[in-house]
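The lines below spell out each chain.
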Amino acid sequence: MSQNSDHPKFDTLAVRAGALRSDFQEHSEALFLTSSFVYRDAAEAARRFANQEPGYLYSRFTNPTVTMFQDRLAALEGAESCTATATGMAAIASTVLGLLKSGDHVVSSRSVFGTVVPLLDQICKKLGIDTTWVAPADLDAWKSAIRPNTKLLFCETPSNPLAEVCDIAALADIAHQAGAFLAVDNCLLTPALQRPIEHGADLVIHSATKYLDGQGRVLAGAVCGRKELIEPVYGFVRTAGSALSPFNAWVCLKGMETLRIRIEEQSRSAFRLAQWLEAQPQVAKVHYAGLQSHPQYALAYRQANAQGAVVSFEVKGGREAAWRLVDSVRLISITANLGDTKTTITHPATTTHARISQAERDAAGISEGLLRVAVGLEDIADIEQDLLSGLNAK
Ligand SMILES: *Cc1c(COP(=O)(O)O)cnc(C)c1O
């Protein structure tokens, strides 16, 4: 990496960290769209396969564009190492399967990305890894869920869609006293707003599909942490084949250059939208960690600079009123994705949370009137106008 300072700051790292240059001396990081690499002679091939000399072999193992993505993200998270994966779910699965074995135990926040539930309750359980689910903000519940065989604590903060906040430093203490690791899914805030390793987390997991790409183009994931923890995760990725494609790595690598500017602007808009929604008579409740009415407001700002771009709110009138709002928007996209430049709206109870039972939805606080907006980069006045016509629709 070319740099002028011994301790470059976040914005400098975002555009320069990890950059590799080929013999062509390209200025912009190149996309190495190749599945394999050639050797000068048989002896060089043998040395590389024997790990006696660094060099690229095959893009399931690694690829220069993927290396650049990994090194840039590690620099932004303040991590020693990073391994990239095909998707965010591949990052979570590779972490659990790379680090844990049969007989180990996981304690996970109940408010995590929906697909994590079948990963832990079905696939991992079948392999002899049990999970206990706890309320994210209840530290006593985390403590009493610990068993002698607990190896991993897993959380996402703030949670999606209800913006519950996990105390990263307190969970790291609980994990370390039990001889376990804390892994934090940092997808919603990204290292531009929150760096979990600085608060004691051992592993940071990303769905790069969201804000690291930032424009809704590709799927990608990553796991960051100390070398000794990333090594077995990488071992799983290269063997199981959950590796990231060079093209997707390149899209996210370039996306990270504008990450802080985008997510700060999106957070500012989301904060304004959350305040505006709180003032609307048709809205019963707004879930956003940046609001002073949020029960964990102080903690939220202790561990993050801003509270991200996802705002959820409950409209009066249940599903009927919520669907009426969704059906009346003209600008906002009706889609379950988030992290895009375009604002999106979702009705969680009938989309992202439709496959769990009514009782589970009630326990998770996913009501029929709940809507989730992931704020993009449009002028927020246009988004408010679009929502206002939906709130007023008859
Ligand atoms: C989307 C998402 C994931 C899963 O990522 P994919 O790239 O879709 O596999 C994991 N965690 C969070 C918080 C997400 O929003």
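What you see is a predicted model, and the numbers here were worked out from it, not measured in a lab.

Student: Can you break down the domain arrangement of the protein chain residue by residue, with the values?
Tutor: The assigned domain composition of the protein chain is domain 1 (10-258) and domain 2 (259-391). Using C-alpha coordinates to define each centre, domain 1 is positioned 27 Å away from domain 2. Where domain 1 abuts domain 2, roughly 3,000 Å² becomes buried across the two surfaces, and 56% of that area is made up of carbon and sulfur atoms. Among the residues domain 1 hides against domain 2, the three largest losses belong to L162, L193 and Y211. Together they make up 26% of the total. Taking the shortest distance from any N to any O, the salt bridge between R260 and D11 comes out at 2.7 Å. For the pair domain 1 and domain 2, the interface holds 17 residue pairs in polar contact (both at pLDDT 80 or more). If you list the elements that add at least two residues to the side of domain 1 that touches domain 2, you get helix 1 (10-16) and helix 8 (190-193).

Student: Explain the packing of helix 4 (residues 88-99) against helix 9 (residues 227-240) to me, using residue names and the numbers behind them.
Tutor: For the pair helix 4 and helix 9, the least separation of the axes is 8 Å and the interaxial angle reads 110 degrees. Taken together, the axes of helix 4 and helix 9 are roughly perpendicular relative to one another. Counting all contacts with helix 4, which are made through S94, T95, L97, G98 and L99, the residues of helix 9 involved are L229, P232, V233, F236 and V237. Split by residue class, the contact of helix 4 with helix 9 holds 7 nonpolar, 3 polar and no charged.

Student: Quick one: what's the story with the side chain of D202, residue by residue and with numbers?
Tutor: Structurally, the position occupied by D202 is in the loop between helix 8 and strand 6 (203-207). Only 2.7 Å separates the side chain of D202 from the side chain of H176, close enough to count as a polar contact. A distance of 2.8 Å separates the side chain of D202 from the backbone nitrogen of L182, its partner in a polar contact. Beyond its immediate stretch of four places on either side in the chain, D202 contacts H176, A180, F181, L182, C224, G225, R226 and L229.

Student: Outline the pattern of salt bridges, listing residues and values.
Tutor: Overall, the coordinates contain 21 salt bridges when judged by the stated rule. Among the salt bridges present, the one from R272 reaches E384, with a minimum N-O distance of 3.1 Å. Remark: E384 occurs in helix 15 (residues 380-392) and R272 occurs in helix 11 (residues 259-278); sequence separation between them is 112 residues. Assessed through its relative accessible area of 8%, E384 is described here as buried. Through salt bridges that share partners, R40, E44, R47, R48 and E53 make up one connected network.

Student: Go over a nonpolar patch on the surface, please, and point to the residues and values.
Tutor: Side chains of L31, L33 and F247 sit close together on the surface and give an oily, nonpolar patch of about 280 Å² of accessible area. In this structure, F247 sits in helix 10 (residues 246-255).

Student: Quick rundown of the sheet that holds strand 6? Include the residues and the values.
Tutor: One open sheet accounts for 7 strands, arranged 1-7-6-5-4-2-3; its pairing is mixed. Among the strands making up the open sheet, the edge pair consists of strand 1 (81-85) and strand 3 (130-134). Within this sheet the neighbouring strands show an average axis-to-axis angle of 20 degrees, counted without direction. By the bridge criterion, 5 bridges tie strand 6 to strand 7 (residues 221-225) in an arrangement that is antiparallel. From the neighbouring strand, H206 faces strand 7, where its bridge partner is A222.

Student: Help me get a handle on the site of the ligand, residues and values and all.
Tutor: Near the ligand, the surroundings consist of T87, G88, M89, F113, E156, D185, C187, L188, S207, T209, K210 and A220. In this structure, D185 approaches the ligand through a side-chain N or O atom, which is 2.6 Å from a nitrogen atom. Between an oxygen atom of the ligand and a side-chain N or O atom of S207, the distance comes to 2.9 Å. For the ligand, whose unbound accessible area comes to 380 Å², protein coverage reaches 92%. Looking at the shell around the ligand residue by residue, the class counts come to 5 nonpolar, 4 polar and 3 charged.

Analysis parameters
Residues numbered from 1 in each chain as written. Predicted model: local features only at pLDDT ≥ 70, side-chain atom pairs only at ≥ 80, totals over all residues. Heavy atoms only, no water. Domains from an automatic or database assignment. Buried area = accessible area lost by both parts, 1.4 Å probe. Salt bridge = Lys/Arg side-chain N within 4 Å of Asp/Glu carboxyl O. Polar contact = N/O pair within 3.5 Å; in protein donor to acceptor, adjacent residues only side chain to side chain. Helix = DSSP H or I, 4+ residues; strand = E, 2+ residues; numbered from the N terminus. Axes fitted to C-alpha atoms, helices over the stretch in contact; angles between N-to-C directions. Parallel < 35°, antiparallel > 145°, perpendicular 65-115°, else oblique. Contact = heavy atoms within 4.5 Å. Nonpolar A, V, L, I, M, F, W, Y, C, P; charged D, E, K, R; others polar. Buried < 20%, exposed > 50% of the residue type's maximum accessible area, 1.4 Å probe, protein only. Patch = residues over 30% accessible without salt bridge, like charges linked within 9 Å, V, L, I, M, F, W, Y side chains within 5 Å. Areas by Shrake-Rupley, 256 points an atom, 1.4 Å probe, with all protein chains shown as cover. Pairing = 2+ DSSP bridges. Near = heavy atom within 4 Å.

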